[in-house]
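Spelled out from the first residue to the last, the chains are:
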Amino acid sequence: MCYVDEILQELRRQNPAQPEFLQAAQEVLESIRPVVARNEAAYRRDALLERLTTPERCILFRVPWVDDRGQVHVNHGYRVQYNSAIGPYKGGLRFHPSVNLSVMKFLAFEQVFKNSLTGLPLGGGKGGADFDPKGKSDREIMAFCQSFMTELARHVGKNTDVPAGDIGVGAREIGYLFGQYKRLRNSFEGVLTGKGLPFGGSKARTQATGYGLLYLTQEMLRRNGQEIAGKTVAVSGAGNVAIYAIEKAWQMGAKPVTCSDSTGWIYDSQGIDTELLRQIKEDRRERLTAYAAARPGAQYRQGRGVWTVPCQVALPCATQNELELSDAQALVAGGCIAVAEGANMPTTLEATRYLQQSGVLFCPGKAANAGGVAASGLEMSQNSQRLSWSFEKVDTKLQSIMADIFRSIEEAAREYGMEGDYVAGANIAGFLKVAEAMTAQGIV
Ligand code: NDP
Ligand code: 2IT
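Structure report, in brief. (Residues numbered from 1 in each chain as written. Chains lettered and ligands numbered in written order. Predicted model: local features only at pLDDT ≥ 70, side-chain atom pairs only at ≥ 80, totals over all residues. Heavy atoms only, no water.)

### A look at the nonpolar core
(1) Moving on: Residues Leu49, Leu277, Tyr291, Leu315, Ile405, Ile409 and Phe431 are the most contacted members of the largest nonpolar core, which totals 100 residues.
(2) Moving on: In this structure leucine 49 touches Tyr3, Val4, Ile7, Leu29, Ile32, Val36 and Phe431, once residues within four positions along its chain are discounted.
(3) Moving on: One finds Phe61, Phe95, Val169 and Phe178 within the second-largest nonpolar core, a separate group that totals 23 residues. (Core = buried A, V, L, I, M, F, W, Y, C linked by side-chain atoms within 4.5 Å. Buried < 20%, exposed > 50% of the residue type's maximum accessible area, 1.4 Å probe, protein only. Contact = heavy atoms within 4.5 Å.)

Put into structure tokens, the structure is as follows:
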């Protein structure tokens, strides 16, 4: 049996109850087969793939907190420190009831390759809790964040591990987490990114994932003789990534017509009103029914259905496995020519295969949504320098990072005989740098 198959078998044996992690690992390992084939003896001797797929450290902890009525709750907190070969662990925190070790490990594993692709010195990690921020008061959110950080503080630091936001963790949560870290350690340092602008946050970090997604989509389309301008775009999600993807799509001359949350979705034939959506989600923290109520021309439907809307470009920006085979079939039938993942692993393996086989340009999340963590890396640089760069400076760097990412995944795919397969290209390009750094650092 070849080395990759042995590792896949071993991962399935060791992690039978971790489907998301196995899915992410399988996608990467399948892609790097040709690289491993060229170096099989050396990689085997060094157990490189065993070390690559085993997190350096998984931290699991109790998070007790008291609600406004005096009731005590206990949540499960996580930080998976996956790989520090190329820099301090870096990756977001997710607060969502679906968080478990499988979800944390898949996200941290993806982050290793994504961060490598940015070209910045960032290792990979991810964390979070099975806490549901929905319906909680600000006071309860603060209580939870303070308790969460009370444990996390001993495991993170500006040169060790630098968390940021993800689902359910935005500017409000990062502020509370930062305040508690500073209080516990008596140290004002860049331990988190996505901070507020008055206390070390970077301009354009809020926009970076969504904007970066569109910059990369534009590169991919142009390389294939197309333009984003004039395209109808279907977007899922209505959070940080989706809102700024929609904003940038408009700025680039495209027309975003959908968005969704976990209860329903919007089709707005006039195009999504970005400012209305932003106010409803960021300021008022309301459901999408409020959008439909404020825009009589927009249609609201319960459940899922974004991918049934005919579009040329689809941008899944909500969560993992939200785009299934039947959705991919609907997209192709509706004339879709490009899919770029704003979320992490939103497309199932079957759907990805179908889209690629149908000739749809497909860019995986670890390349397409890397703009968020790239801007986080730029926030770390600014914090180290004790400087604050202009919006234009960060945005210009973001654009060039996204263009470089596209070039590197395209080249890697071509070098290994898989031209146009950006999944393979992203996995191979991300892997090569991490593997080289791990090899250089010896058996650690
Ligand atoms: P937010 O919490 O701001 O928004 C998440 C959105 O997705 C909400 O509209 C939410 O709906 C919806 N959603 C979440 N879970 C589900 C679910 N199980 N089913 C249906 N809809 C769901 O998160 P972000 O926008 O930050 O993150 C979105 C995706 O992008 C995630 O996959 C994240 O990992 C990825 N990502 C985020 C980056 C960032 O910088 N923030 C960077 C790179 C990737 P509702 O409000 O109803 O829960
Ligand atoms: O998935 C991701 O890349 C993020 N949630 C952002 C991570 C970061 O450190 O900015």
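### Quick word on the sheet that holds strand β9 (residues 264-267)
The strands making up a sheet are joined through hydrogen bonds of the backbone, oriented either antiparallel or parallel.
(1) Moving on: Sheet architecture is open: three strands sit in the order β8-β9-β10, paired in antiparallel fashion. Here the strands that pair on one side only, and so sit at the sheet edges, are β8 (258-260) and β10 (299-302). Each neighbouring strand pair of the sheet contributes to a mean axis angle of 20°, computed without reference to strand direction. (Pairing = 2+ DSSP bridges. Helix = DSSP H or I, 4+ residues; strand = E, 2+ residues; numbered from the N terminus. Axes fitted to C-alpha atoms, helices over the stretch in contact; angles between N-to-C directions.)

### What to know about the site of ligand 2
(1) Moving on: Residues in close proximity to ligand 2 total 14 residues, the closest being Lys90, Lys114, Asp166, Arg205 and Ser376.
(2) Moving on: At a separation of 2.9 Å, a nitrogen atom of ligand 2 approaches a polar side-chain atom of aspartate 166.
(3) Moving on: Protein contacts shield 94% of the accessible area of ligand 2, which totals 300 Å² for the unbound molecule.
(4) Moving on: Of all elements in the fold, only β3 (89-95), α6 (101-117) and α16 (370-385) reach the threshold of two or more residues within the shell around ligand 2.
(5) Moving on: Considering only residue class, the shell around ligand 2 consists of two nonpolar, seven polar and five charged. (Near = heavy atom within 4 Å. Polar contact = N/O pair within 3.5 Å; in protein donor to acceptor, adjacent residues only side chain to side chain. Areas by Shrake-Rupley, 256 points an atom, 1.4 Å probe, with all protein chains shown as cover. Nonpolar A, V, L, I, M, F, W, Y, C, P; charged D, E, K, R; others polar.)

### Comments concerning the packing of helix α9 (residues 205-223) against α16
(1) Moving on: Their axes nearest at 7 Å, the elements α9 and α16 cross at an angle of 145°. Crossing of α9 over α16 shows right-handed handedness. Contacts between α9 and α16 involve Arg205, Ala208 and Thr209 from the first element and Gly371, Gly372, Val373, Ala375, Ser376 and Glu379 from the second.
(2) Moving on: For the contact of α9 with α16, a count of residues per class yields three nonpolar, four polar and two charged. (Left-handed = near helix turned anticlockwise from the far one by under 90°.)

### Describing the pairing of strand β6 (residues 232-235)
(1) Moving on: With two bridges connecting them, β6 and strand β7 (residues 255-256) associate as parallel partners. Among the inter-strand pairings, valine 233 is bridged to a residue of β7, identified as proline 256.
(2) Moving on: Note on the crossover from β6 through helix α10 (residues 240-251) to β7: the handedness is right-handed.
(3) Moving on: As defined by bridge partners, β6 adjoins strand β11 (residues 313-315) across three bridges and the pair is classed as parallel. Directly across from alanine 234, in β11, lies its bridge partner alanine 314. (Right-handed = clockwise from strand over helix to strand, strands pointing away.)

### Structural notes on the side chain of lysine 281
(1) Moving on: Within the secondary structure layout, lysine 281 lies in helix α11 (residues 274-283).
(2) Moving on: One polar contact links lysine 281 to aspartate 261, side chain to side chain, over a distance of 3.0 Å.

### What about the pairing of strand β4 (residues 124-129)?
Side-chain positions along a regular strand alternate between the two faces of the sheet.
(1) Moving on: In terms of residue burial, β4 counts as a mostly covered element, since six of its six residues are buried.
(2) Moving on: Because side chains alternate across β4, one face comprises the buried residues Gly124, Lys126 and Gly128, and the other comprises Gly125, Gly127 and Ala129, equally buried.
(3) Moving on: Here strand β2 (residues 72-83) runs beside β4; their pairing, made up of six bridges, is antiparallel. Bridge pairing in β4 links arginine 79 to glycine 127.

### Describing a nonpolar patch on the surface
(1) Moving on: Judged by side-chain polarity, Val66, Val72 and Val74 come together as a nonpolar surface patch covering roughly 250 Å² of accessible area.
(2) Moving on: Its location among the elements puts valine 66 in strand β1 (residues 57-66). (Patch = residues over 30% accessible without salt bridge, like charges linked within 9 Å, V, L, I, M, F, W, Y side chains within 5 Å. Salt bridge = Lys/Arg side-chain N within 4 Å of Asp/Glu carboxyl O.)

### Some points on the site of ligand 1
(1) Moving on: Taken together, 25 residues lie near ligand 1, and Asp166, Thr209, Ser262, Arg287 and Asn344 sit nearest.
(2) Moving on: The contact in question runs from an oxygen atom of ligand 1 to an N or O atom on the side chain of arginine 205, over 2.9 Å.
(3) Moving on: Residue valine 241 places a main-chain N or O atom 3.0 Å away from an oxygen atom belonging to ligand 1.
(4) Moving on: Expressed as a share of its isolated accessible area of 880 Å², the protein-covered part of ligand 1 is 83%.

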